[in-house]
Each structure stands twice: as C-alpha cells, then as structure tokens.
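Chain and residue survey
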Amino acid sequence: MKSAIDTPDWSTIPAPLDDGATRHLASARMPSIPLQATNGDTVDLSAIPGRVVVYAYPRTGRPGVENPDGWDMIPGARGCTPQSCSFRDHFAELKALGVDQLFGLSTQDSGYQREAAERLHLPFTILSDEHLKLTRAMNLPIFETSGMTLLKRFTLVINDGMVEHIFYPVFPPDRSASDVVEWFSRRAQSETGSSN
C-alpha cells in the first residue's frame, strides 16, 4: 500500500557530505543495549541472529506541525518520511534477499515514533534511542538543532551482532531502501557466481 508523500525536489536541498563519521563502525560489534520498539518490545541488536538492517534517521515530522527553523537547509535532515516509506515499499524484497529483521532508529521517544509507524503503515518497528545510550556507546554521527540531539542518516547491515556494511551518507533519502536492495542483490549474485 503506497501513500502519497510530499517528496521534495532533492536538487534544492543541500546533500550531506561524507565526513568520515561512520568509518569506525566497520566490523564493530553491536553493544548490548536494549532499545524500546514501537510495538512495545525491547530490542537488543547485539543479540539478534542473522542479518539485520537498521536505518537511522533524524526525526519524522507530523502533519500540520512545522519542522524546526532552517530544517531543509541542514544537509541530510529532510526526507525521513520518504525514507521510511521506501523501506516499507521494499520490505518484501529485502526479506526475500535474506534480511531477517528491519528496523528504523531515531532519538525520538517511542510514543512519537508510534504515531509515524501507524500513519505510514510500516510493516516493521522503529527503535528509540531517546536516552542516547546506543548513540554514545557507538559514537554514532549526530547533529543538534532546536534543542534536539538527532542522528544523521545512515544505514547499518548487521550480521550476527557485527556491523557488516554501512551506507553513509544517505542521499536522497527516498533511494535509501533501493540502495540496500541493490547491495544485497549484488552480494547474492557474487555468492552464486563463486559457488559455480
């Protein structure tokens, strides 16, 4: 089920640059930090077997509520709803490519995230790092605006609790899921090729 999303003209929005803020995450072991999920569960990313994709984003807006001042001019800030919808629309494809679990991640509280998850009909849960425990433990890339500490946009592929691949920077956000699909497809092809 696709919903009409007000997708901005990405050419008018500053693209984020690769500032190297995720390089230290390559092959990192996920710390054991329980995170609140929008379905009421608690999720420890270090303890999930198999392949897990986590896309981190700054914050989703709410209909009728203005974004913080200057939001669109912060490189990489705009586009959280189109990104979440892209993962929703590619969810079945990612599962077919071997992704065992998919999560969104932000520093918003679970109640705020739940509204977006329900409104956007997401078939996966969003994790809250409201208290910045995972962010600080892994030194995840952040920015601050309007009194909020927000994650920069990146995607982790985690395999048995270890970071296998990082997508950073992510732009435009609505291509995020298809970039992950492409990576998994290439990986599957190379594995098939090497086994023949």
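Calculation rules
- Residues numbered from 1 in each chain as written.
- Predicted model: local features only at pLDDT ≥ 70, side-chain atom pairs only at ≥ 80, totals over all residues.
- Heavy atoms only, no water.
- Disulfide = S-S within 2.5 Å.
- Buried < 20%, exposed > 50% of the residue type's maximum accessible area, 1.4 Å probe, protein only.
- Helix = DSSP H or I, 4+ residues; strand = E, 2+ residues; numbered from the N terminus.
- Pairing = 2+ DSSP bridges.
- Arc of directions from axis to C-beta.
- Contact = heavy atoms within 4.5 Å.
- Polar contact = N/O pair within 3.5 Å; in protein donor to acceptor, adjacent residues only side chain to side chain.
- Salt bridge = Lys/Arg side-chain N within 4 Å of Asp/Glu carboxyl O.
- Core = buried A, V, L, I, M, F, W, Y, C linked by side-chain atoms within 4.5 Å.
- Phe/Tyr/Trp six-rings, centres within 6.5 Å; stacked < 30°, edge-to-face > 60°.
- Lys NZ or Arg CZ within 6 Å of the ring centre and 35° of its normal.
- Axes fitted to C-alpha atoms, helices over the stretch in contact; angles between N-to-C directions.

**Examining the state of the cysteines**
Counted under the stated rule, the structure contains zero disulfides. We note that C80 lacks a disulfide partner, and the nearest cysteine sulfur, in C85, lies 11 Å from it. For C80, a relative accessible area of 3% corresponds to the buried category.

**Some thoughts on the pairing of strand β6 (residues 142-145)**
Burial along β6 is one-sided: the face carrying F143 and T145 is buried and the face carrying I142 and E144 is not. Of the strand pairs in this sheet, β6 and strand β7 (residues 148-151) are connected by four bridges, and their pairing is antiparallel. The partner of F143 across the bridge, within β7, is L150.

**Side note on helix α3 (residues 110-119)**
The set of residues buried in α3 consists of S110, Y112, Q113, A116 and A117. For α3, the angular spread of the buried residues around the axis is 155°, confining them to a single face. Here the buried face of α3 lies against β1 (34-37), β4 (101-106) and β5 (125-128). Capping of α3 at its N-terminal end is provided by D109; its side-chain oxygen lies 3.0 Å from the backbone amide nitrogen of G111. Two residues or fewer after α3 comes H121, characterised by a positive phi angle close to 55°.

**Topic: the pattern of salt bridges**
On inspection of all chains with the given rule, the structure shows eleven salt bridges. Across the pair R187 and E164 runs a salt bridge, and its minimum N-O distance is 3.6 Å. With R187 in helix α5 (residues 176-195) and E164 in strand β9 (residues 162-167), the pair connects residues that are 23 residues apart, well separated along the chain. According to the relative accessible area criterion, R187 is buried, its value standing at 18%. The network of salt bridges with common partners includes R51, E164, R187 and E191.

**Brief notes about the side chain of T60**
For T60, the position within the fold is in the loop between β3 (51-56) and α1 (80-89). Assessed through its relative accessible area of 2%, T60 is described here as buried. Dropping the residues within four chain positions of it, T60 is found in contact with C80, T81, Q108, Y112 and A116.

**Some points on the nonpolar core**
Core analysis: the largest hydrophobic core is formed by 24 residues, its most contacted members being M30, L45, F103, L105, L127, L134 and M138. For this core, the secondary structure elements donating two or more residues are β1, β3, β4, α4 (133-138) and β8 (154-159). If sequence neighbours within four positions are ignored, L134 has contacts with M30, P31, I33, L35, L45, L105, D129 and L140. Listed in part, the 23 residues of the second largest apolar core include V53, L102, L122 and F124.

**Considerations on the packing of aromatic side chains**
Taken as a whole and judged by the stated rule, the model has eight aromatic pairs. Ring geometry for W71 versus F143: centroids 6.0 Å apart, planes at 40°, classification tilted. Separated by 72 residues along the polypeptide, W71 in the loop between β3 and α1 and F143 in strand β6 bring together distant segments of the chain. The pair W71 / F143 is uniform in exposure class, with both members buried. Stacked on the ring of W71, the Lys or Arg R59 has its end atom at 5.4 Å from the ring centre. Just above the ring of Y112 sits the side chain of R62; from NZ or CZ to the centre is 4.2 Å.

**Description of α1**
Side chains of residues three or four places apart in an α-helix project in the same direction, reflecting 3.6 residues per turn. Burial analysis of α1 places nine of its ten residues in the buried class, which makes it a mostly covered element. Those residues of α1 lying buried are C80, T81, P82, Q83, S84, C85, S86, F87 and R88.

**Observations concerning the sheet that holds β5**
Across the sheet, seven strands lie side by side as β2-β1-β5-β4-β3-β8-β9; this open sheet has mixed pairing. Each edge of the open sheet is held by one strand with a lone partner, namely β2 (42-44) and β9. When strand polarity is set aside, the average angle formed by the axes of neighbouring strands in this sheet is 35°. Note that β4 and β5 share four bridges and pair parallel. Bridged to G104 within β5 is I126. Against the sheet, α3 touches β1, β4 and β5, its axis set at about 160° to β5.

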